[in-house]
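# Fold and geometry: a report
What follows is each chain in one-letter form.
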Amino acid sequence: MVKKLASQWLSAARISPTALYTGQVWQTTGRSIPELKSMPASALHLALAPSMFVSRSFGGPTLEDFLLARHDLIDHHLTELIESGKVTQIIEIAAGLSPRGSRFVERYGDKITYIEADLPGMVAQKKKLLATRLRACPNHHIKVVDAFAEQGAHSLDGLAMQLDTSQGLAVVTEGLLNYFDKDSVLNLWARISSTLAQFQQGAYLSDIHLQAQNSDPLAQAFVAGLGIFVRGKVHLHFETAGHLQLAMEELGMACQVLKPSDFAAQIPACSGKGADFCRILFARPASAVK
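An unreviewed UniProt entry lists the protein chain under the name Class I SAM-dependent methyltransferase, with Limnobacter profundi as the source organism.

As structure tokens, this is what we get:
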């Protein structure tokens, strides 16, 4: 038992605190799978519970509110893309401890191909945790990616070359954008746009935090606290949804910016107090939008 716990803590040291915390939120709310349970993640979630209680008591956002809203809203639109037949292939960049790949492959079986992509340390850890599932499902993959690489097997294009361009592709990033500066994000979007343009249909889903929704003192304090938690700056790249849409248009993408609370009637998690702390962007190659 001691040996098992020591192994878990050693593995956790190679995983960011946000990945651990988010993974535990998915566990405690029934969105994850047993293989992704983690003692360190549980301990971190418990340690942050008092601060989340204080924020909620003052009417402020909590990590759990917007984590669940963004996750379920991305799932909602990805489900629609798959069930409409527009998408049969998914690449999730920086998948971390996300259960999305396992859940979607469980639901759709060999109708989809799902690639979870991340840095080498996370890939090695997740392959170990999901070894049984991966053996049972040849269309579920966990692979190394350098989303900013121009070429090579580990670039986004390198992963996409392994897929069928006559079918639709969705690229997903969750919990990634706001930890990079604006130039890096634009670079990533340019690569995503270029990759999606090669496929019969393409879609990009991501969460993002905007300045306009995070300008009051309470929200700013929350962003500062989040920066401490993730050990780095949290970047708010665009002031409004309009600014974001213009940036995407310049990269050849038509973009909708979705407000979680607008979906509260369909998605219970989108009714939380802090659900609108983030937005969901849903983009497609402009050439495909009529």
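Next comes the rest of the write-up.
## Looking at unusual backbone geometry
For Ala94, which is not glycine, the phi dihedral falls at a positive 60°. With respect to the helices and strands, the residue Ala94 is situated in the loop between strand S1 (89-93) and helix H5 (100-108).

## Quick word on the packing of aromatic side chains
If you walk through the whole model with that rule in mind, you get 4 aromatic pairs. Their ring planes at 50° and their centres at 5.1 Å tell us that Phe66 and Phe277 sit as a pair that is tilted. Remark: Phe277 occurs in the loop between strand S6 (253-258) and strand S7 (279-285) and Phe66 occurs in helix H4 (residues 63-83); sequence separation between them is 211 residues. Residue classification places Phe277 among the buried positions, given a relative accessible area of 6%. Measuring from centroid to centroid gives 5.8 Å for Trp189 and Phe238, while their planes differ by 10°, and the two rings are stacked. Placement of the pair is Trp189 in helix H9 (residues 182-196) and Phe238 in the loop between helix H10 (217-229) and helix H11 (241-250), with a sequence separation of 49 residues.

## Describing the pairing of S1
When you tally the buried positions in S1, you get 5 out of 5 residues, the bulk of the element. Side chains Gln89, Ile91 and Ile93 of S1 all project onto a buried face; the interleaved residues Ile90 and Glu92 project onto the opposite face, where all are buried too. By the bridge criterion, 5 bridges tie S1 to strand S2 (residues 113-118) in an arrangement that is parallel. Bridging from a neighbouring strand, Gln89 pairs with Thr113 of S2.

## Description of the side chain of Asp118
Examined against the element boundaries, Asp118 turns out to sit in strand S2. Side-chain polar atoms of Asp118 contact the backbone nitrogen of Gly96, separated by 2.7 Å. If sequence neighbours within four positions are ignored, Asp118 has contacts with Ala94, Ala95, Gly96, Val123, Lys143, Val144 and Val145.

Thresholds applied
Residues numbered from 1 in each chain as written. Predicted model: local features only at pLDDT ≥ 70, side-chain atom pairs only at ≥ 80, totals over all residues. Heavy atoms only, no water. Helix = DSSP H or I, 4+ residues; strand = E, 2+ residues; numbered from the N terminus. Phe/Tyr/Trp six-rings, centres within 6.5 Å; stacked < 30°, edge-to-face > 60°. Buried < 20%, exposed > 50% of the residue type's maximum accessible area, 1.4 Å probe, protein only. Pairing = 2+ DSSP bridges. Polar contact = N/O pair within 3.5 Å; in protein donor to acceptor, adjacent residues only side chain to side chain. Contact = heavy atoms within 4.5 Å.

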